[in-house]
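Geometric and topological summary
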Amino acid sequence: MKIIVLKFGGTSVGSTSRIKKVAKIIAKYKKKYSIIVLSSAMSGVTNNLINLSKKISKDFSDSEYDVLVSSGEQVSCALIAGELINNGFNSRSWVSWQIPIITEGKYKFSRINKINKSQIMSYLKKGGIPIVTGFQGINNKNRITTIGRGGTDASAIMFAKFFNAEKCIIYTDVEGVYSTDPNKLKSAKKIKVISYEEMLEMASLGAKVMQPHSIQDARLNRVDIEVRSSFTDNEGTLITKRKNIVNNKIITGISNTTNDAKVTLLGVKDKPGIAASIFKPLSDNSINVDMVVQNISANGKETDLTFTIKSDDLAKTKKIIFQNKKINFRDLIFDKNVSKVSIIGVGMVTTPGVTYRMFQTLAKNKINIQVISTSEIKISVLIDKKNVRKAISSLHKEFKLNNS
Ligand code: ADP
Ligand code: ASP
Ligand code: MG
């Protein structure tokens, strides 16, 4: 039995007419494959559910949040199965606890670690098309969990792994992975193949097209992913291991974040262990500190320390720092009008001068760099949010990524 997994994102199931189109796509594969479908909620539904929780409380229970926000997927799955039945196919929906899909970790941010295959397998053998709710599972207390925004990507990849699927196809609202967000830069170019490593960096650094965890799962389990559009029939992008790719590009893509905040502590008493005293309580409270820069202190006594966090964590971060008795500082200032722009490419490992070209391009465009961080295959800079468009389009041109 040749199995494939098809995942449909929110826009692809965003209306009943879109769902009818999705059923047609599924029917096309039915001739050759046994199909498992994973669906997201209809676009906007998850956001609406989250807003309802916020109206009850800003501190809404995490476990009830998961019960609430996972409900959107049940609707879209029933509609897809219903349409397939209407068209003469044998289909039914499955909510994750009925399978079950087992997760571990915290509510809101769980990860799938096991899928019970028996029911789905026997249904596939009978020629049925199972339609499964993405983005969720149950934990060892038998409670509903969710696996992070955009998590249906990871659900699909884990199904592909457990069912040893030949392919995992992610249907979305763009034709594949582009050199940068095609909805923001017209000259963005579709990428034919991209390595897990580059895709993971692009996704972690802001390219919403794939959820970062899903790429980690795919890389670990060697699941090839095809990303394509449910709106057109054009070829998409293959995400696969580096060995399968012949590539002579230095930079593959450019990403940017939209939800970072910069915090600066002024006049911090400069002594050994001070950075640890600041960051330990943040890490204990699951606040992820990203970029860090410490200025050299002129007098050897005081220093300024700047770091970035997710803007959602700003209030909590301020509270923790002001309550921290182990540190002394003169003032705390913060800025939400920042964005991290990153260039990503395995080609930079073997090409000198990439950093210089990036900085020079930004300088030519009068864009001030506030913080820098690098890894083997990416360079990130923190800049003022108002300069993001200009930064991306000039870097896109500099590294010859334009669609021409
Ligand atoms: P879905 O609902 O199908 O999961 P998402 O909205 O999560 O879709 O992801 C698709 C969106 O990702 C696109 O509409 C596009 O605006 C955005 N995006 C950001 N960066 C990229 C990129 N490099 N390539 C393609 N799309 C991108
Ligand atoms: N519906 C969920 C979300 O909006 C999961 C997903 O779309 O993959 O985050
Ligand atoms: Mg998505």
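The structure under discussion appears in the preceding block.
Residues numbered from 1 in each chain as written. Chains lettered and ligands numbered in written order. Predicted model: local features only at pLDDT ≥ 70, side-chain atom pairs only at ≥ 80, totals over all residues. Heavy atoms only, no water.

**A few points about the pattern of salt bridges**
- Scanning the entire structure with this criterion turns up 17 salt bridges.
- Between arginine 143 and glutamate 64 there is a salt bridge, with the nearest N and O atoms lying 3.1 Å from each other. Of this pair, arginine 143 sits in the loop between β7 (136-138) and β8 (144-146) while glutamate 64 sits in helix α3 (residues 62-69); the two residues are 79 residues apart in sequence, bridging distant segments of the chain.
- Judged by its relative accessible area of 31%, arginine 143 is partly exposed.
- Across the pair glutamate 226 and lysine 167 runs a salt bridge whose closest N-O atoms are separated by 3.6 Å. Placement of the pair is glutamate 226 in strand β11 (residues 225-229) and lysine 167 in strand β9 (residues 167-172), with a sequence separation of 59 residues.
- Assessed through its relative accessible area of 32%, lysine 167 is described here as partly exposed.
- Residues joined in a network through salt bridges with shared partners are Lys167, Glu226 and Arg228. (Salt bridge = Lys/Arg side-chain N within 4 Å of Asp/Glu carboxyl O. Helix = DSSP H or I, 4+ residues; strand = E, 2+ residues; numbered from the N terminus. Buried < 20%, exposed > 50% of the residue type's maximum accessible area, 1.4 Å probe, protein only.)

**What about the environment of asparagine 285?**
- Mapped onto the elements, asparagine 285 comes out in the loop between α9 (274-284) and β15 (292-294).
- Polar contacts involving the side chain of asparagine 285 include one to the main-chain carbonyl oxygen of proline 281, which spans 2.8 Å. (Polar contact = N/O pair within 3.5 Å; in protein donor to acceptor, adjacent residues only side chain to side chain.)

**Here we look at unusual backbone geometry**
- Geometrically, the link from isoleucine 99 to proline 100 is a cis peptide bond, its omega value of -20 degrees lying close to zero.
- Considering the arrangement of structural elements, one finds proline 100 in the loop between β3 (91-94) and β4 (101-104).
- Despite not being glycine, lysine 108 shows a phi value in the positive range, around 75 degrees.
- Secondary-structure assignment places lysine 108 in the loop between β4 and β5 (111-115).
- The partly exposed category is assigned to lysine 108, whose relative accessible area is 25%.
- The phi dihedral of arginine 222 is positive, around 50 degrees, even though this residue is not glycine.
- Here arginine 222 is to be found in the loop between α8 (212-221) and β11.
- Judged by its relative accessible area of 48%, arginine 222 is partly exposed.

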